[in-house]
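One letter stands for each residue in the lines below.
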Amino acid sequence: MVKLNKKRREQYTKFILEALQASEKEAFREAFLELHPSDQSDVFMILDQEARSQCYTYLTPKEFATIFGGLDVSHQKLYFLEMEETYAIEIFNNMFTDDIANFLTEINSDRAAEILLKMDKEKARKVRGILSHEHETAGSIMTKELISISSTETVGTVLEELREEAPDAEIIYYLYVVDVDNVLVGVVSLRDLIISDPSTIIEDIMSTNPVSVAVDMDQEDVGNLIKKYDFLAAPVVSKENHLLGIVTVDDVMDILEDEATEDFGEISAAKGATDVNISAFTAAKKRAPWIIALMFLGLITGGVIGQFEDTLEAVVLLAAFIPMIMDSGGNVGTQSLAVSVRGLALGNIEKNSIWRMVRRELSTGAMIGFICMIIIASIVTIFYGNWMLGLIVGVSILCTLSISAVVGAVFPLLINKLNFDPAIASGPFITTINDVVGLLIYFTIATSLMSYL
């Protein structure tokens, strides 16, 4: 099996396509099966339907199961419809249980039930076990293909078992030690097995404090735990500490990517609409509610300006600096929002560090504001010849940026305290709030000092 660079992948792809066009089955199999599974998926996805149909006849269900399991669900659903039912069922019988469960949750429930009835009974039972757990928990993303051993076995015996069971396991770098009741009591790494004497008892080399995850733990927390300990997999246990399955690092990478995409969608007020493959209508339907809500919230901005109509009429030049005040406050608030949300997501913000972070953001905003104040006050004084106007605009920008930084940092913390996703404190939402705050500060200062203009 080889992993290709871009140039070699193109050469292999060309050869494979030519083999398919010439109906040279053995040449196709030899070249295609030599590729790494990810390259096999890449090649398969560029084929047209006729060529894919040839692949289904040239590859056994077991050979194609690895490719199918690595595809995105949207592609899986498309290709599933092209296959003969018996071929598809055999593919499922040779896939890892977590991949099967992930596919079945995305299709019609009645169709999923039919597939399970036609699958191997033991395999179907394991898949149903995964599907029974709440969505986005450790139980819903775990796989059942793991290797568990007894603490009373010898290293030599376990290595012999590995030769037989390893081909069907998703990962063999960790072996989980259970007692007669299937309670997790330890873990042994493959490295420990290899370097130990064959006569050594597993109990003597196993770690007796394995890090595990509860079956109902949120999938994002599972991902963060595996990341923290640099695991390749983590065992999933019930409340009674019975070993139920494992969550592997490849699934964790997908989870963290999905969670990051979800948070990005929340922050940008585009939740559910970040996929470039969805239609314009779907994207508009998902994004419109936020935009409409923010539009009405923006009316408050207009109301603030209306309250200071007399000030604007007296000094019309004040209106020229409104966009700058609003934009600057929104930008600083969004920066602080990103810092706060990231800190919460990574677990870096503890109770005793909240005020420290708020003070830091206030100081940061004040420092940025002071620099901007000096610059803008100088520019206004030079170009407009009015030092008092420069002072009003400069002090306003100083106060606005200081407060905006605090608003951007504190709002996600309040949302998190209420047990909501802090990412819903979206950038546009924070920007609108800071627009209102900035205008109030600006016009309040301008009104107070208007007699000096």
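Please refer to the structure placed before this passage.
Values in this document were obtained by computation on a predicted structure and should not be read as measured data.

## Here we look at a negative patch on the surface
Taken together, the side chains of Glu136, Asp218, Asp221, Asp250, Asp254, Glu257 and Asp258 present a region of like negative charge at the surface. Take the negative patch: its biggest share by element is 4 residues, from helix H16 (residues 249-267). Considering the arrangement of structural elements, one finds aspartate 254 in helix H16.

## What to know about the sheet that holds strand E2 (residues 174-178)
The mixed open sheet is built from 3 strands, whose spatial order is E1-E2-E3. Two strands bound the open sheet, and with one partner strand each, they are strand E1 (148-150) and strand E3 (184-189). Shown here is a sheet whose adjacent strand axes are inclined to one another by a mean of 35°, direction ignored. Bridging between E1 and E2 involves 3 bridges; their strand directions are parallel. If you follow serine 148 over to E2, its bridge partner there is tyrosine 176.

## Structural notes on the sheet that holds strand E6 (residues 243-248)
Overall, mixed pairing links the 3 strands, which are arranged E4-E5-E6 in an open sheet. Among the strands making up the open sheet, the edge pair consists of strand E4 (213-214) and E6. The pairing of E4 with strand E5 (residues 233-237) spans 2 bridges and is classified as parallel. Paired with valine 213 across the bridge in E5 is valine 236.

## Description of the environment of asparagine 102
Mapped onto the elements, asparagine 102 comes out in helix H8 (residues 97-104). For asparagine 102, a relative accessible area of 39% translates into the label partly exposed.

## Notes on the packing of aromatic side chains
Taken as a whole and judged by the stated rule, the model has 19 aromatic pairs. With a centroid separation of 5.9 Å and 45° between ring planes, the pair formed by phenylalanine 80 and phenylalanine 92 is classed as tilted. In this pair, phenylalanine 80 sits in helix H6 (residues 73-82) while phenylalanine 92 sits in helix H7 (residues 85-93), placing the two residues 12 residues apart along the sequence. Since its relative accessible area comes to 10%, phenylalanine 80 is described here as buried.

## Details of the pattern of salt bridges
What the rule picks out here adds up to 9 salt bridges. Salt-bridge contacts for glutamate 82 lead to arginine 52; the nearest nitrogen and oxygen are separated by 2.5 Å. You can see glutamate 82 sitting in helix H6 and its partner arginine 52 sitting in helix H4 (residues 49-58), a full 30 residues away along the chain. Accessibility expressed as a relative area gives 9% for arginine 52, which makes it buried. Measuring nitrogen to oxygen at the nearest pair gives 2.7 Å for the salt bridge that ties arginine 163 to glutamate 160. Pair noted here: arginine 163 and glutamate 160 are both in helix H12 (residues 155-165), with a separation of 3 residues, about one helical turn. Salt bridges linked by common partners bring Glu85, Arg111, Glu114 and Lys118 together as one network.

Rules and cut-offs
- Residues numbered from 1 in each chain as written.
- Predicted model: local features only at pLDDT ≥ 70, side-chain atom pairs only at ≥ 80, totals over all residues.
- Heavy atoms only, no water.
- Patch = residues over 30% accessible without salt bridge, like charges linked within 9 Å, V, L, I, M, F, W, Y side chains within 5 Å.
- Areas by Shrake-Rupley, 256 points an atom, 1.4 Å probe, with all protein chains shown as cover.
- Salt bridge = Lys/Arg side-chain N within 4 Å of Asp/Glu carboxyl O.
- Lys, Arg positive; Asp, Glu negative; His and termini not counted.
- Charge placed at Lys NZ, Arg CZ, Asp CG, Glu CD.
- Helix = DSSP H or I, 4+ residues; strand = E, 2+ residues; numbered from the N terminus.
- Pairing = 2+ DSSP bridges.
- Axes fitted to C-alpha atoms, helices over the stretch in contact; angles between N-to-C directions.
- Buried < 20%, exposed > 50% of the residue type's maximum accessible area, 1.4 Å probe, protein only.
- Phe/Tyr/Trp six-rings, centres within 6.5 Å; stacked < 30°, edge-to-face > 60°.

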